[in-house]
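Remarks on the overall topology
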Amino acid sequence: MYKTQGNTALHDCAESGSLDIMKLLLKHGAKMEKDAYGMTPLMAASVAGFSKIVEFLIGRQECTKHERIDALELLGATYVDKKRDMLGAINFWRQAMEDRSNDPSLPKPKQGSQVAAYENSEEVTNLDELDELISDPDDMRMQALLVRERILGPAHPVILYTLQRCIICRYG
């Protein structure tokens, strides 16, 4: 059954944290499809912050290394913004960065021009820069925004919502 955004039952499980139902659906042939925004159930679970579902899905044979990296990076961004768990975010980002370093065909995409609204921040590119992030919550939030925008695209509703929350938090 599809919703207007193209969500499947797997998307709904991913967004609500229903791992047992997701396993049941997959056992009976449900397919990992993208919704109207290009989100797979794996990405939806990452954005919603359900690490158990992400771990389950990235362990499946059909999950590519690129999808795994994107999911871990998005999950890290969610841990910053929704869970306020900076160490958890660093751990997910570290896993993604280590996956990239183990496969030269998957370098971190180069950032385009710097964005003034993001305080001209750039994504970290190595483990030393990643470790330095933990000392500055504002840098962590900027990193989360940069990761989300790179993976989801600048017009994705999650990006717009996150930007609104950042503005409200910063300026009241």
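Our subject is the structure listed above.
Rules used in this analysis
Residues numbered from 1 in each chain as written. Predicted model: local features only at pLDDT ≥ 70, side-chain atom pairs only at ≥ 80, totals over all residues. Heavy atoms only, no water. Phe/Tyr/Trp six-rings, centres within 6.5 Å; stacked < 30°, edge-to-face > 60°. Helix = DSSP H or I, 4+ residues; strand = E, 2+ residues; numbered from the N terminus. Buried < 20%, exposed > 50% of the residue type's maximum accessible area, 1.4 Å probe, protein only. Axes fitted to C-alpha atoms, helices over the stretch in contact; angles between N-to-C directions. Parallel < 35°, antiparallel > 145°, perpendicular 65-115°, else oblique. Left-handed = near helix turned anticlockwise from the far one by under 90°. Contact = heavy atoms within 4.5 Å. Nonpolar A, V, L, I, M, F, W, Y, C, P; charged D, E, K, R; others polar. Patch = residues over 30% accessible without salt bridge, like charges linked within 9 Å, V, L, I, M, F, W, Y side chains within 5 Å. Areas by Shrake-Rupley, 256 points an atom, 1.4 Å probe, with all protein chains shown as cover. Salt bridge = Lys/Arg side-chain N within 4 Å of Asp/Glu carboxyl O. Lys, Arg positive; Asp, Glu negative; His and termini not counted. Charge placed at Lys NZ, Arg CZ, Asp CG, Glu CD.

Comments concerning the packing of aromatic side chains
Scanning the entire structure with this criterion turns up one aromatic pair. Pairing Y79 with F92 gives two aromatic rings, centres 4.9 Å apart and planes at 75°, and the pair type is edge-to-face. In this pair, Y79 is assigned in helix α5 (residues 65-81) and F92 in helix α6 (residues 86-101), connecting sequence segments 13 residues apart. Here F92 falls in the buried class, since its relative accessible area comes to 9%.

Here's the deal with the packing of helix α2 (residues 19-27) against helix α4 (residues 51-58)
Running from N to C, α2 and α4 cross one another at 25°; their axes reach a closest spacing of 10 Å. Here α2 is positioned roughly parallel relative to α4, judged by the angle of their axes. For the pair α2 and α4, the crossing hand works out as right-handed. Side by side, α2 and α4 meet where L19, M22, K23 and L26 of the first sit next to K52, I53, F56 and L57 of the second. Its residues placed into classes, the contact of α2 with α4 shows six nonpolar, no polar and two charged.

Observations concerning a negative patch on the surface
There is a patch of like negative charges on the surface, built from E122, D128, E129 and E132. On the secondary structure map, E132 appears in helix α7 (residues 127-133). E132 gets classed as exposed once you look at its relative accessible area, which sits at 57%.

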